[in-house]
Amino acid sequence: MSWIQKLYETYENCQSMVGKSTDDNNTPLLPICHTTQIAQIEVTIDQEGNFKRARVVPKDDAKTIIPCTEDSGGRTSGLRPHPLCDKLQYVAADYQQYGGSKKPCFRLDDSPYGNNDIETEYFKNELEGTSYISIKEFFDKYKKKLHEIFSELVKIPNLVVIINRNESIEKIREGSVDTETIIKNKYKLIDIFPKTLQKTITYEYLLERWCASEHSHPKAEAVLKYVKKGTVVKDLIDSKVLFVGENGKLLKKWDKKQKDNIPDIFKLSLDEQADAFVRWIVEIPNDPQSAVWLDMSLYESWIKYYSSTKKTKTLCYVVGTDLLEADQHPKKLRNDTDSAKLISANDTSGFTFRGRFLTAGQACGVSLDISQKSHLALRWLIERQGKVFYEGKRRTPGLTIVAWAITGEQIPDPLADSFSIMGFDKLESDSEPIASNAQDLALRLKKKISGYSVTLGDTTGVVVMGLDSATPGRMSITFYRELTGSDFLARVENWHQTCCWIHNYRPKEIDVAGKKKTIYIQFVGAPAPSDIAEAAYGSKVDDRLRNATVERILPCIIDGQKIPRDLVESVVRQASNRIAMENWEWNKTLSIACALYRKYHEKEEYDMALDENRTTRDYLYGRLLALADNLEQWALSKANEDRPTTAARLMQRFADHPYTTWRTIELSLQPYKARLGAKSLSRQRLISEVTTKFKPDDYTNDKKLSGEFLLGYHCQREALRSKEKEEDPEEGMLQE
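Keep in mind that this is a model prediction, so the values were computed, not measured. (Residues numbered from 1 in each chain as written. Predicted model: local features only at pLDDT ≥ 70, side-chain atom pairs only at ≥ 80, totals over all residues. Heavy atoms only, no water.)

### Considering helix H16 (residues 368-385)
In a regular helix each residue adds 1.5 Å, so 18 residues correspond to 26 Å; H16 covers 26 Å between its end C-alpha atoms and thus fits that length. With 15 of 18 residues buried, H16 is to be regarded as a mostly interior element. (Helix = DSSP H or I, 4+ residues; strand = E, 2+ residues; numbered from the N terminus. Expected span 1.5 Å × (residues − 1). Buried < 20%, exposed > 50% of the residue type's maximum accessible area, 1.4 Å probe, protein only.)

### Things to note about unusual backbone geometry
Positive phi values are uncommon outside glycine, yet lysine 240 reaches one of about 65°. Along the chain, the position of lysine 240 falls in the loop between helix H13 (232-238) and strand S6 (277-283). Lysine 240 sits in the exposed class, given a relative accessible area of 62%. One non-glycine residue, asparagine 640, lies in positive phi territory at about 55°. Relative to the assigned elements, asparagine 640 resides in the loop between helix H24 (617-638) and helix H25 (646-649). A residue is classified by how much of its surface remains accessible, and asparagine 640, at 71% relative accessible area, is exposed.

### Quick word on the pattern of salt bridges
Using the criterion set out here, one finds 39 salt bridges in the structure. Two residues, arginine 279 and aspartate 61, come together in a salt bridge whose shortest N-O distance is 3.1 Å. Taken as a pair, arginine 279 in strand S6 and aspartate 61 in the loop between strand S3 (51-56) and strand S4 (63-67) lie far apart in primary sequence, 218 residues in all. Exposure remark for arginine 279: the relative accessible area of 0% places this residue in the buried category. Residue aspartate 61 is classed as partly exposed on the basis of its relative accessible area of 34%. Put simply, Glu42, Arg55, Asp61 and Arg279 are held in one network by salt bridges that share partners. (Salt bridge = Lys/Arg side-chain N within 4 Å of Asp/Glu carboxyl O.)

### What to know about the sheet that holds strand S12 (residues 474-484)
Read across the sheet, four strands follow the order S9-S10-S11-S12 without closing on themselves; strand pairing throughout is antiparallel. The open sheet has two edge strands, strand S9 (387-391) and S12, and neither has a second partner. The sheet shows a mean angle of 10° between the axes of neighbouring strands, direction not considered. Of the strand pairs in this sheet, strand S10 (residues 396-405) and strand S11 (residues 461-471) are connected by six bridges, and their pairing is antiparallel. When the bridges of S11 are listed, threonine 400 appears paired with leucine 467. Against the sheet, helix H1 (residues 2-13) contacts S10, S11 and S12, and its axis sits at roughly 70° relative to S12. Lying on the sheet, H16 is in contact with S9, S10 and S11; it crosses S10 at an angle near 95°. (Pairing = 2+ DSSP bridges. Axes fitted to C-alpha atoms, helices over the stretch in contact; angles between N-to-C directions. Contact = heavy atoms within 4.5 Å.)

Honestly, it's all geometry; don't read function into it.
See below:
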């Protein structure tokens, strides 16, 4: 329960953010018993419930905060109305009159049963001839309250239908149904009467109850007055928001022949216009906030009413006291379409809870207030600063990583690369300074981390949580760490300092003379885990493999664990296969391979600049490859030829058999040396110098090269480029 307590504390610390969005596209921290929906239609009425106007809501303004019950907040295919804003099948009494194809839930038909019917036909039949103790015990327990329950039951026709299924007795007698299960379910049906009541109510019934309570709100009353007139669809048709065909029914689709005059409602991603979601604007004199989804007093009104309907208390495992019980726990944690829940239970039949518990509440008791606040805080944090990895063609949410401070302060994203951590992606031009070497990176990173440290403090709690779902309805916590603020910042800083290399793959749009231009900015730092996954398994890596790789790297960042060896070898293998990739992709893979190899062999203390004193075999062979590549590329550029060099084509073979392949590469350089003439002497001299540094046995050793040769190659290449830029800036640019 530690995670849910931390989320609850976060919600309490961020109370000032409730209902306030800093970005139009982000969901704010929601008040409890509220959720968000995408609205398509906005209806304006006055305080007397008179229709004034309506419009189709633009997509960028469609996200709407609405009050909800626990049932409606987690509804899927069943009829569970929201109390105020909902789809047409709920809010419009004339929905079916205009051809609505789905089951309406504005108002149910009158019940054919009365008090006597229920009392005599159902309950007496259930008791007759049965000796099941649990049912008798129940009636003994509720004997004095039965008439009250019956009175309520009559008001809810749908509930009467449910309870009037007398087939259970017959099935028990026939032995075709598990007797114990039926008895428990029947017992549960009545015992949890308030829950059943909620499942069978209609939109009108729910709104009426709210308005009749002491916690009523003028805007809710105005909406009730309007919807009871039963003209919602008619008014929308008259306002040219909805459209009907010649038969007077709502059109399913717009005529494709009229392409130039498509109404706004048909431009939305709806199956049909009858599925539109409606929100309300209630104009009341001297009330500055007419939008119901922005009215804080309306939030409070619903929360107080809904809390007053809860009667049952349970021991909340989070705070250790008896509080109002939560019937269900919220979903939509990763996005608006996410139906996976962290806490759920439907094990009501068969080997119930594996024989350990009788009810879900015994297995896990979390109160309404704590559950709502912790889940809403998690949703807000994920949208604000979490990372969701989507899977498959339908882009369903998968692995999700979120890190947050309990106080709500901003912290660095542990999955970001150094470019983002230091805010380089927010620079407005490419002329501003960016870390160009390890020392510069260390200074800038320390300065950035110090900034976080000042606001965060040393003892503030920081939580890093990973979530994933194996099925659409269930979610689990796959990674969880609690750290102090100073520990968290120190580990993030260590990752970015020890896993850094020179990269050149981050695109950035800059404004040049009023036009947008994309450039690739060179920076020094650690790569992002998702980029590491692409480097290891290709840019078209499977989503699940990418997520699994990110999940494996996360402990390396947060816990300081060693990078998996197979991951390093995979990246090195990909970087050696240069000819299989586009040039930009290979350069990205190469720099990431260098960063990982350097991090994995941290004790070797590899420098990011060329180390001319390093005489290891693999490092020297990497230098030779870079020199040969540079010399041939130089000659090809002079002749305006654009094709891969011999070194590039044979790089994979060179990595497997360096001695024999180097002979082939060296011999292929002869025509280019001749083409360049005396200009190539400096390169030839460098090749000779590097060759003389080999130990005799090392040079002739044809054993496979390790990832160290990539470090030698990259360092030698960068050294040559820097020298060329100093001597001839234009020539240096040409070589790149």
